Amino acid sequence: ISGPDVTPSPMPCSPLVEANGFVFLAGQVGNRPGVAGAVPGGIEAETRQMLDNVGRLLKAADLDFSYVVQSTVYLVEFSDFAAMNAVYREFFPTDPPTRATVGVTALAADFRIEIVCVAARR
């Protein structure tokens, strides 16, 4: 899937791929497209930007958050769980996807959170 909202990854991976009606999004972090590093403002701002990035990629595939069926969230500080969860609920207010939240020791650069999503066409 390509388009003006799909920025090629500097990593050896595609930002999103569609296969058999599923759209797989590569790990998204809380940076503004084309800008290195996490947005300022703490875990809430970083989570919101991360999910805005997910929404931008979903839109490129002609989807929205209601099509997401599974997500995995990686948190460097598990004490950020409640704050992350509050922002996450804004993007998935009803019928949220399945989710695993995993505590990790580090993520690339200075990011505190990353998400991987799978969406399914209806």
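Predicted model, so just to flag it, every value in this text is computed and none were measured. (Residues numbered from 1 in each chain as written. Predicted model: local features only at pLDDT ≥ 70, side-chain atom pairs only at ≥ 80, totals over all residues. Heavy atoms only, no water.)

Mind laying out the pattern of salt bridges, listing which residues take part and the relevant values?
Taken as a whole and judged by the stated rule, the model has 3 salt bridges. For R48, the salt bridge identified is with E90, shortest N-O distance 2.8 Å. A residue pair is termed long-range when its members are at least 10 positions apart, and R48 in helix α1 (residues 42-60) and E90 in helix α2 (residues 81-91) qualify at 42 residues. (Salt bridge = Lys/Arg side-chain N within 4 Å of Asp/Glu carboxyl O. Helix = DSSP H or I, 4+ residues; strand = E, 2+ residues; numbered from the N terminus.)

Provide a residue-level description of α2, including the pertinent values.
For α2, the full list of buried residues reads M84, N85, V87, Y88 and F91. On an axial view of α2, the arc spanned by its buried residues comes to 170 degrees, and they lie on one face. Of the exposed residues in α2, the ones pointing more than 90 degrees away from its buried face are A82 and R89. Along its buried surface, α2 packs onto α1, β3 (68-75), β4 (98-103) and β5 (113-120). (Buried < 20%, exposed > 50% of the residue type's maximum accessible area, 1.4 Å probe, protein only. Arc of directions from axis to C-beta. Contact = heavy atoms within 4.5 Å.)

Account for α1, naming residues and giving values.
The terminal C-alpha atoms of α1, which comprises 19 residues, lie 28 Å apart, in line with the 27 Å expected from a rise of 1.5 Å per residue. Among the structural elements, β1 (16-19), β2 (22-29), β3, α2 and β5 are those in contact with the buried residues of α1. One or two residues past the end of α1 sits D62, with phi positive at roughly 60 degrees. (Expected span 1.5 Å × (residues − 1).)

How would you explain the pairing of β5 if you had to name every residue and give the values?
Burial analysis of β5 places 7 of its 8 residues in the buried class, the great majority of the element. Where β2 lies against β5, 6 bridges are found, and the strand directions are antiparallel. Across the sheet, residue F22 finds its bridge partner in β5, namely A120. Pairing analysis gives 7 bridges linking β3 to β5, with the strands arranged antiparallel. (Pairing = 2+ DSSP bridges.)

Describe the sheet that holds β5, listing the residues and the values that go with them.
Within a sheet, neighbouring strands are paired by backbone hydrogen bonds and run either parallel or antiparallel to one another. Ordered in space as β1-β2-β5-β3-β4, the 5 strands form an open sheet in which the pairing is mixed. Every interior strand has two partners, whereas the edge strands, β1 and β4, have only one. Across the sheet, the mean angle from the axis of one strand to that of its neighbour is 10 degrees, orientation sign disregarded. Sheet strands in contact with α1 are β1, β2, β3 and β5, and its direction is about 150 degrees off that of β2. Taken strand by strand, α2 contacts β3, β4 and β5, and its axis lies near 155 degrees from that of β4. (Axes fitted to C-alpha atoms, helices over the stretch in contact; angles between N-to-C directions.)

Break down the packing of aromatic side chains for me, with residues and values.
Counting across every chain of the model gives 5 aromatic pairs. Relative to F92, the ring of F65 has its centre 5.3 Å away and its plane inclined at 85 degrees; by these criteria the two rings are edge-to-face. With F65 in the loop between α1 and β3 and F92 in the loop between α2 and β4, the pair connects residues that are 27 residues apart, well separated along the chain. Classification of F65 as buried rests on a relative accessible area of 16%. Relative accessible area serves as the criterion here: at 6%, F92 is assigned to the buried category. Of the aromatic side chains, those joined through ring pairs into one cluster are F65, Y88, F91 and F92. The ring of Y88 carries R99 above its face, with NZ or CZ at 4.4 Å from the centroid. Taking the ring centre of Y67 as reference, the NZ or CZ of R122 above it sits at 4.0 Å. (Phe/Tyr/Trp six-rings, centres within 6.5 Å; stacked < 30°, edge-to-face > 60°. Lys NZ or Arg CZ within 6 Å of the ring centre and 35° of its normal.)

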